[in-house]
Amino acid sequence: VQLQASGGGLVQAGGSLRLSCAASGLTFSWYSMGWFRQAPGKEREFVAGINGVGRNTRYVDSVKGRFTISRDNAKNTVWLQMNSLKPEDTAVYYCAADRSALVQVTGYDYWGQGTLVTVSS
């Protein structure tokens with residue numbers, strides 16, 4: 001299984017970025033997908049998740065109303081649209097796959113490499 005995250009970069013506060021995660025080696029629609037982040041000196045945290053058919057989503061409170069997770073099972077891809085970015089959103093963002101029908105915040109089976117998001121003030 002491979003999860004390839006991309007789309008990170010440097011953006012000013014208030015700006016937007018769209019992260020992508022391309023999956024291979026798994027039956028994509030069987031997996032809930034999640035985005036996590038880890039800021040310097042902090043533990044990794046769940047950011048957003050979506051179930052296999054894309055009907056259920058879940059967000060950490062700090063990103064609700066600003067971030068949107070979506071997926072296209074035909075393209076084996078999940079995205080994280082990040083709007084109104086804040087300096088505290090600065091982190092390495094990881095995508096992950098969970099063989100579960102539920103959108104969970106822990107227990108993911110596969111992880112991609114991270115993509116760095118830096119939000120300047």
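Report follows, based on the coordinates.

**Section: the overall build of the protein chain**
Item 1. Each helix and strand counted, the protein chain has zero helices and eleven strands in total.
Item 2. Seen in sequence order, the protein chain has helices and strands lined up from the N terminus as β-β-β-β-β-β-β-β-β-β-β.
Item 3. Against the globule reference of 14 Å for 121 residues, the protein chain gives a C-alpha radius of gyration of 13 Å, in line with a compact fold.
Item 4. Its C-alpha atoms give the protein chain principal-axis dimensions of roughly 40 × 25 × 25 Å.
Item 5. Scored against the burial criterion, the 121 residues of the protein chain give a buried share of 43%.

**Some points on the pattern of salt bridges**
Item 1. Per the stated rule, a full pass over the model turns up four salt bridges.
Item 2. For Asp-89, the salt bridge is made with Arg-66, and the minimal N-O distance between the two is 2.7 Å. Remark: Arg-66 occurs in the loop between strand E6 (57-59) and strand E7 (67-72) and Asp-89 occurs in the loop between strand E8 (77-82) and strand E9 (91-98); sequence separation between them is 23 residues. Here the two residues Asp-89 and Arg-66 agree in accessibility, since each one is buried.
Item 3. Beyond isolated ion pairs, a larger network of salt bridges with shared partners links Arg-37, Glu-45, Arg-66 and Asp-89.

**Some thoughts on the state of the cysteines**
Item 1. Tallied over the full model, the rule gives one disulfide.
Item 2. Cys-21 shares a disulfide with Cys-95; S-S distance 2.1 Å. When the S-S torsion is 60°, as for the bridge of Cys-21 with Cys-95, the disulfide is right-handed. With Cys-21 in strand E3 (residues 17-24) and Cys-95 in strand E9, this residue pair connects regions lying 74 residues apart in the sequence.
Item 3. Here Cys-95 falls in the buried class, since its relative accessible area comes to 0%.

Parameters and conventions
Residues numbered from 1 in each chain as written. Predicted model: local features only at pLDDT ≥ 70, side-chain atom pairs only at ≥ 80, totals over all residues. Heavy atoms only, no water. Helix = DSSP H or I, 4+ residues; strand = E, 2+ residues; numbered from the N terminus. Rg over C-alpha atoms; globule rule 2.2 N^0.38 Å. Buried < 20%, exposed > 50% of the residue type's maximum accessible area, 1.4 Å probe, protein only. Salt bridge = Lys/Arg side-chain N within 4 Å of Asp/Glu carboxyl O. Disulfide = S-S within 2.5 Å.

Interpretation note: all reported values are geometric properties and have no functional meaning in isolation.
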